[in-house]
Amino acid sequence: MQAILPPAMLGILGGGQLGRMFVTAAKRMGYRVTVLDPDAQAPAAEFADVHLCAAYNDAEALRTLAASCAAITTEFENVNADAMRELAKTTRVSPSGDCVAIAQDRIAEKAWVNKAGLPTAPYLAIESVEDIQVELAPYLPGILKTARLGYDGKGQVRVNSADEARAAYANLGGQACVLEKMLDLKLEVSAIVTRVSSEQLSVFPVAENIHKNGILDESIVPARIAPALAAQAQQMARQLAEALDYVGVLAVEFFVLADDSLVINEIAPRPHNSGHYTIDACVSDQYQQQVRAMCGLLPGRTELLSPVVMVNLLGDVWQADGGEPNWNVLMEAPNAHLHLYGKKHARPGRKMGHYTVLATDVDAALEQARALKETL
Ligand code: ADP
Ligand code: MG
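Residues numbered from 1 in each chain as written. Chains lettered and ligands numbered in written order. Predicted model: local features only at pLDDT ≥ 70, side-chain atom pairs only at ≥ 80, totals over all residues. Heavy atoms only, no water.

Chemist: An account of the coordination of the magnesium ion (ligand 2) is needed here, citing residue identities and associated values.
Modeler: Tetrahedral metal sites with four donors have an ideal angle of 109.5 degrees; octahedral sites with six donors have ideal angles of 90 or 180 degrees. Note on the magnesium ion (ligand 2): its protein donors are Glu253 (OE) and Glu266 (OE). The metal-donor distances range over 2.0 to 2.4 Å. Taken together, the residues span a long stretch of sequence, with glutamate 253 in strand 14 (residues 248-257) and glutamate 266 in strand 15 (residues 262-268) at a distance of 13 residues. (Donors = N, O, S within 2.8 Å, 3.2 Å for Na, K, Ca; no water. Helix = DSSP H or I, 4+ residues; strand = E, 2+ residues; numbered from the N terminus.)

This is the structure:
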């Protein structure tokens, strides 16, 4: 496959913070970028060469994107997979619409994970009300998750009995769901793989992820797990990318259970919040990898240059009147990096930015990262 080189125009569906960091990486490498996002204030728009401010299924905007870009990717998994398949008729698109369709539907996703020979939590796919009229004990206590459009813990209900599960399913409007057994988690980790082809594939160091209220709060790298377990997670991520014949950056979230076994929780067909640390702490970062994969270049090297902790900055840390947090404390820490996404309005739970702290060991980085959070 012919490599796409700068100053070619690259296209991205979605202009949120992941799109903004993609644009930054692509521009630094000398590419130009067109962003499609219906929001006039999309975080990626201020850095993009062209902002097509239109709906993701706007036929004319999609035609313009296809005609003006050498390759197209996405930062947003709920983009219309058919639109991606259509774009792929004329332009190089990665990941494929088929892979995005799998990642955006928990039923298809879990089926694929199992088909690749990898474990998921015990789950029941519920496509209609008949599917839930079975023995539910193997999935209880459990979490009922909508098959589509869930993120940051949204679209999820914890249920303790069959009656609760059926009531919750009805409350969600009878849409397709999975009922997943609640597992006893020791830790959560993620591995991000970049795949260009079977021979050209690289995996980032495994991140340990701490969630608060269903939203990622901290990523700690290297994860505080045995090296052999981290290697196993990386190998599982590779295996899944291979099974999907995936091209691009694929994030894989895992549960670590009490017996140190790994279960795949979910996948994202794009760079991931838990991979933001790669910008400051790795030889290549996940956004450069996205550029490299879509352009048919070799994946960059992924070694960790320093132990690192990433902390998400949600709208909650802004003052009630919208006043900015005390950025000075981060600016005065010479081993911290602040990243803000340029969002105008801070709301509780909204991802506004993140920071990383680099230190010679991960415990020191974590201690300092947490101390900084207290002073913002
Ligand atoms: P989202 O798409 O919102 O990230 P996830 O399926 O990753 O949804 O669930 C969010 C969080 O909820 C997980 O990171 C984990 O902490 C918890 N969780 C989800 N499923 C389970 C489960 N089966 N057992 C225990 N905890 C779970
Ligand atoms: Mg998740």
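Chemist: Quick rundown of the sheet that holds strand 3 (residues 50-52)? Include the residues and the values.
Modeler: Ordered in space as 3-2-1-4-5, the five strands form an open sheet in which the pairing is parallel. The sheet is open, and its two borders are formed by strand 3 and strand 5 (92-93), each paired with just one other strand. Along the sheet, helix 1 (residues 17-28) makes contact with strand 1 (9-13), strand 2 (32-36) and strand 4 (71-74), crossing strand 2 at roughly 165°. Packed on one face of the sheet, helix 2 (residues 59-68) meets strand 1, strand 2, strand 3 and strand 4 and runs near 150° to strand 1. (Pairing = 2+ DSSP bridges. Contact = heavy atoms within 4.5 Å. Axes fitted to C-alpha atoms, helices over the stretch in contact; angles between N-to-C directions.)

Chemist: Quick one: what's the story with the site of ligand 1, residue by residue and with numbers?
Modeler: Taken together, 19 residues sit near ligand 1, with Lys145, Gly153, Glu188, Asn265 and Glu266 positioned nearest. Between ligand 1 and lysine 181 there is a distance of 2.9 Å, counted from a nitrogen atom to a backbone nitrogen or oxygen. The contact in question runs from an oxygen atom of ligand 1 to an N or O atom on the side chain of glutamate 188, over 2.5 Å. In isolation ligand 1 exposes 540 Å². Once the protein is present, 91% of that is buried. Split by residue class, the shell around ligand 1 holds six nonpolar, five polar and eight charged. When residues are assigned to domains, the shell around ligand 1 turns out to be shared by domain 2 (122-181) and domain 3 (185-375), each giving three or more. (Near = heavy atom within 4 Å. Polar contact = N/O pair within 3.5 Å; in protein donor to acceptor, adjacent residues only side chain to side chain. Areas by Shrake-Rupley, 256 points an atom, 1.4 Å probe, with all protein chains shown as cover. Nonpolar A, V, L, I, M, F, W, Y, C, P; charged D, E, K, R; others polar. Domains from an automatic or database assignment.)

Chemist: Mind laying out the sheet that holds strand 6 (residues 123-126), listing which residues take part and the relevant values?
Modeler: Strand order across the open sheet formed by four strands is 6-9-7-8, with antiparallel pairing between neighbours. Edge positions in the sheet fall to strand 6 and strand 8 (156-159), since each of these pairs with one other strand and no more. For this sheet, the mean inter-axis angle between neighbouring strands, taken without regard to orientation, is 20°. Taken together, the four bridges between strand 6 and strand 9 (residues 177-181) define a ladder with antiparallel strand orientation. Each residue of the ladder has a partner; that of leucine 124, found in strand 9, is leucine 179.

Chemist: Describe the domain arrangement of the chain, with residues and values.
Modeler: Along its sequence, the chain is carved into domain 1 (9-93), domain 2 (122-181) and domain 3 (185-375). The centre of domain 2, based on its C-alpha atoms, is set 29 Å off from the matching centre of domain 3. Roughly 310 Å² of surface becomes buried between domain 2 and domain 3 when both sides are summed, with 31% attributable to carbon and sulfur atoms. Summed over the three residues of domain 2 that lose the most area to domain 3, namely Lys145, Asp152 and Glu180, the buried surface amounts to 85% of that side. (Buried area = accessible area lost by both parts, 1.4 Å probe.)

Chemist: I'd like a description of the environment of isoleucine 72, backed by residues and values.
Modeler: With respect to the secondary-structure elements, isoleucine 72 resides in strand 4. By relative accessible area, which is 0% here, isoleucine 72 ends up buried. The spatial distance from the C-alpha of isoleucine 72 to the C-alpha of valine 33 is 9.6 Å, given a sequence separation of 39 residues. For isoleucine 72, the contacting residues outside a window of four places in its chain are Gly11, Leu13, Leu65, Ala66, Leu87, Thr91, Arg92, Val93, Ser94 and Met294. (Buried < 20%, exposed > 50% of the residue type's maximum accessible area, 1.4 Å probe, protein only.)

Chemist: Can you explain the packing of aromatic side chains? Please cite residues and give values.
Modeler: Taken as a whole, this structure holds two aromatic pairs when the rule is applied. Aromatic side chains tryptophan 318 and tryptophan 327 sit 5.4 Å apart centroid to centroid with 70° between the ring planes, which places their arrangement in the edge-to-face category. (Phe/Tyr/Trp six-rings, centres within 6.5 Å; stacked < 30°, edge-to-face > 60°.)

Chemist: Could you give an account of the nonpolar core, with specific residues and numbers?
Modeler: Ranked by internal contacts, the top residues of the largest apolar core, which has 30 residues, are Leu240 and Phe254. Looking at this core, the elements that each hand over two or more residues are helix 4 (97-103), strand 10 (185-195), helix 7 (227-243), strand 14 and strand 15. Residue contributions to this core peak at seven residues, all from helix 7. Each residue touching leucine 240, except ones within four places of it in the same chain, is listed here: Trp112, Val113, Ala116, Leu118, Val252, Ile264 and Ile267. Residues Leu18, Phe22, Leu297 and Tyr341 belong to the second largest nonpolar core, which totals 22 residues. (Core = buried A, V, L, I, M, F, W, Y, C linked by side-chain atoms within 4.5 Å.)

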